[in-house]
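Chain by chain, the residues run as shown.
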Amino acid sequence: MPIHNNDISEILRKTADLLEIEGADEFRVRSYRQAANSVENITDNLAEKVKDGEDLTKISDVGESIADKIKEIVNTGSLQQLEEIKERVPEELSKLLNLEGIGPERTKELHEELGIETLDELKKAVENKEVRELEGMGKKVEDKISQELQRKRDQETRTLFARAEEYAEPLLDYFIECDAAQKIEIGGSYRRRKETIGDLDILITGSDVDAIMDYFTNFEDVQDVIKRGESRTSVHLRSDIRVDVAVIKDESYGAALLYFTGSKEHGIHLRDRALDMDLKVNEYGVFPEDEDESIAGETEEEMYEVLNLKWIPPEMREDRGEIEASEKGTLPNLITLDDLKGDIHMHTTHTDGDASIREMAKAAKEYGHDYIAITDHTKRVSVAGGLEADELAEELDEIEKADEKIDDIRILKGAEVDILKDGSLDLPDDILEKLDICICSVHYHTDLPEDEQTKRILKAMDNPNIDILGHPSGRLIQEREPMALDMEKIIDKAAENDIVLEINANPHRLDLDDRHCMMAKDKGVKMSISTDAHSVGELHNMKYGVYQARRGWLEADDIINTLSADELLKMLGRN
DNA sequence: GCCGTTTTCGGCCCGACTGTTTTCAGTCG
């Protein structure tokens, strides 16, 4: 079984969780967590590094000891140390840490005093009112646990970005009417444009804190108030999304924005850097050692500046090397929505789309595109009414006619061809040669073993007619796992054959994901950002693809649909 | 367990909020 970086980071993280519950030294626990984060963030395949005998301690936060453990995991698939800890600390206890209000100390106490090993046992203990008898706990803690168990607050409860947006925007609109509030900004993973959001962090400047907090908790969508302090208030919305509001002073706006935007790892790295410069960074500003007067804090730019750094776009703040790049002045000039000139993956009523070629073209023109490609499904995708070769030929004629008749937007002839189980394509080459753009995608047999799945797609990528590999991993966020696939091999093949990898902008897909965007860029592979729209409205999903591309450090040059239609066709070697 | 313009030991990011406490521990972001 091939070991992925994620397998390694999961084992390290689990080890940290169980060690922490056991009462191990907190800094030792932190080391395992930091190493897990590092491993998760590097784009090279660690298993191969181990095979090649490379020095793993060059990875940040990985020392001799953890390097050995990584080698053990790669070679044996497990970690003996973790297996031994599991005998002392039941594995499921780590799930208790995911409940809000429960940390390692309380988990330990619940385990030692009440013999609790599972969530079910915790539930029973709460029902029997046993938890309130423990030292340091009481009725309120017990009630909180009861609520949390009901809410099942684990990682699964993150919210798709596009859904969070639907709740965030009305709340921002609501605050516009609040006289006490001046500046309003959403921080957190929302500002970093992560594909899923844990909660909404809202920052507000203003002097009358009580008025702002009253206004906030009176929002019609607020279900319950979790906590209310002198500067911070947290609530749940009816949609179950948690919203934290912090009220801050103008002179601390930049410091607070930086702090509340995160990521946590980015913030820790910055504060660590500050300490090296005898500075203390907190959410109020930057303070020289032993002084109360801040030397920066009003804007994010000056916060970074006093640390000798250039401002870093929020999407990059994941501690994946952006601080080093900022220091060296090598931050990328991230792509923006305005850079895109066309949308080259969409469907029409010829297959499973809701709108005609003409309707899609006019809507895209209105949206601001110079060109689009119509890329309907082909025959194997029968549920979508996929086209036979002769039907596709007819559609291509129709596209040509529409292109002549509709001014100010060019309509390219495309198709989304299905990659069959054996890696061949479902239409013959002679029709594919007539296309301007040929996207090839997997729609069936998504559960093949990794070796077979990888071989299948690599074979398709050797067909000279393929221009773009559509939604490469096949994932649907929170609904369907990515296919078992050696993505590094796919990316290497794309580099070798000059094949473009798609960043599907559908907010449920975002496929390639941010890490694979980084990996593809490193290997010189070009990408496209496309909506895969099945209706006029979905043409507006383009922004989500841009967010993901920005999280993957991509620039306009990395994306082929920033080119004009002529340049694009030339690049693809078409017409 | 990691790390080093403080370099092989002695540190390790920082403050708000809650609940159970009479001064603080635990948790969170």
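Residues numbered from 1 in each chain as written. Chains lettered and ligands numbered in written order. Predicted model: local features only at pLDDT ≥ 70, side-chain atom pairs only at ≥ 80, totals over all residues. Heavy atoms only, no water.

Draft legend 1. Geometry of the domain arrangement of chain A. With domains assigned, chain A is organised as domain 1 (5-155), domain 2 (159-248), domain 3 (253-328) and domain 4 (337-572). Placing a centre on the C-alpha atoms of domain 1 and another on those of domain 3 gives a separation of 29 Å. (Domains from an automatic or database assignment.)

Draft legend 2. Structural detail: the packing of helix H1 (residues 5-22) against helix H7 (residues 104-114). Packing of H1 against H7 brings their axes to within 8 Å, and their N-to-C directions diverge by 65 degrees. Relative to H7, H1 is oriented roughly perpendicular. Crossing handedness for the pair H1 and H7: right-handed. The segment H1 lies against H7, with Glu 20, Ile 21 and Glu 22 engaging Pro 104, Thr 107 and Lys 108. A per-class count over the contact of H1 with H7 returns 2 nonpolar, 1 polar and 3 charged. (Axes fitted to C-alpha atoms, helices over the stretch in contact; angles between N-to-C directions. Helix = DSSP H or I, 4+ residues; strand = E, 2+ residues; numbered from the N terminus. Parallel < 35°, antiparallel > 145°, perpendicular 65-115°, else oblique. Left-handed = near helix turned anticlockwise from the far one by under 90°. Contact = heavy atoms within 4.5 Å. Nonpolar A, V, L, I, M, F, W, Y, C, P; charged D, E, K, R; others polar.)

Draft legend 3. Highlighting the sheet that holds strand S12 (residues 410-418). The strand order S10-S11-S12-S13-S14-S15-S16 describes an open sheet built from 7 strands, whose pairing is parallel. Of all the strands in the sheet, just strand S10 (342-343) and strand S16 (527-530) have a single pairing partner and so form its edges. Where helix H23 (residues 542-551) meets the sheet, its contacts fall on S10, strand S15 (500-504) and S16, and the angle it forms with S16 comes to roughly 145 degrees. (Pairing = 2+ DSSP bridges.)

Draft legend 4. Seen up close, the pairing of strand S7 (residues 242-248). Here S7 lies mainly inside the structure; 7 of its 7 residues are buried. Side chains Arg 242, Asp 244, Ala 246 and Ile 248 of S7 all project onto a buried face; the interleaved residues Val 243, Val 245 and Val 247 project onto the opposite face, where all are buried too. Pairing between strand S4 (residues 200-205) and S7: 6 bridges, direction parallel. Bridge assignment links Leu 203 to a residue of S7, and that residue is Ala 246. Where strand S6 (residues 232-237) and S7 come together, 5 bridges link them in antiparallel fashion. Among the inter-strand pairings, Val 235 is bridged to a residue of S7, identified as Val 243. Taking the residues that link successive antiparallel strands as the turn, the S6-S7 hairpin has 4 residues, and the phi of Asp 240 there is positive, at about 80 degrees. (Buried < 20%, exposed > 50% of the residue type's maximum accessible area, 1.4 Å probe, protein only.)

Draft legend 5. Highlighting the pairing of S4. Counting buried residues along S4, 6 of its 6 residues qualify, which places the element largely inside the surrounding structure. Here S4 shows two buried faces, one formed by Leu 200, Ile 202 and Ile 204 and the other by Asp 201, Leu 203 and Thr 205. Sheet topology places strand S2 (residues 184-186) next to S4; 3 bridges connect them, and they run antiparallel. Bridge pairing in S4 links Ile 184 to Ile 204.

Draft legend 6. A look at helix H21 (residues 487-497). Three or more residues of H21 are buried, namely Met 487, Glu 488, Ile 490, Ile 491, Lys 493 and Ala 494. Where H21 is buried, its residues touch helix H3 (46-51), helix H20 (450-461), strand S14 (468-469), S15 and helix H22 (514-522). Phi turns positive one or two residues past the end of H21, at Asp 498, with a value near 55 degrees.

Draft legend 7. Molecular detail of the side chain of His 347. In this fold, His 347 is placed in the loop between S10 and helix H17 (357-367). Classification of His 347 by relative accessible area gives buried; the value is 0%. Side chain to side chain, His 347 and Asp 532 meet in a polar contact 3.1 Å long. Among all residues touching His 347, those that are not within four sequence positions of it are Asp 352, Gly 353, Met 360, Thr 375, Asp 376, His 377, Glu 416, Asp 532, Ala 533 and His 534. (Polar contact = N/O pair within 3.5 Å; in protein donor to acceptor, adjacent residues only side chain to side chain.)

Draft legend 8. Looking closely at the nonpolar core. Of all hydrophobic cores here, the largest spans 60 residues; its most connected members are Met 461, Leu 501, Ile 503, Met 527 and Ile 529. A total of 5 residues in this core trace back to one element, the largest contributor, which is H17. If you look at the next biggest cluster of nonpolar residues, it comprises 44 residues, including Ile 11, Leu 18, Val 39 and Leu 93. (Core = buried A, V, L, I, M, F, W, Y, C linked by side-chain atoms within 4.5 Å.)

Draft legend 9. The arrangement of the environment of Lys 194 in detail. Examined against the element boundaries, Lys 194 turns out to sit in the loop between helix H11 (188-191) and strand S3 (196-197). We classify Lys 194 as partly exposed; its relative accessible area is 27%. Along the primary structure Lys 194 and Asp 514 are separated by 320 residues, whereas in three dimensions their C-alpha atoms are 9.2 Å apart. When residues no more than four places from it in sequence are discounted, the contact partners of Lys 194 are Arg 158, Phe 161, Ser 189, Glu 318 and Arg 551.

Draft legend 10. Examining the packing of H1 against helix H4 (residues 64-76) more closely. At a minimum axis separation of 10 Å, H1 and H4 run at an interaxial angle of 125 degrees. For the element pair H1 / H4, the angle class is oblique. Considering the relative orientation of H1 and H4, their crossing is right-handed. Counted together, Ile 8, Ile 11 and Leu 12 of H1 and Ile 66, Ile 70, Ile 73 and Val 74 of H4 form the full contact between these two elements.

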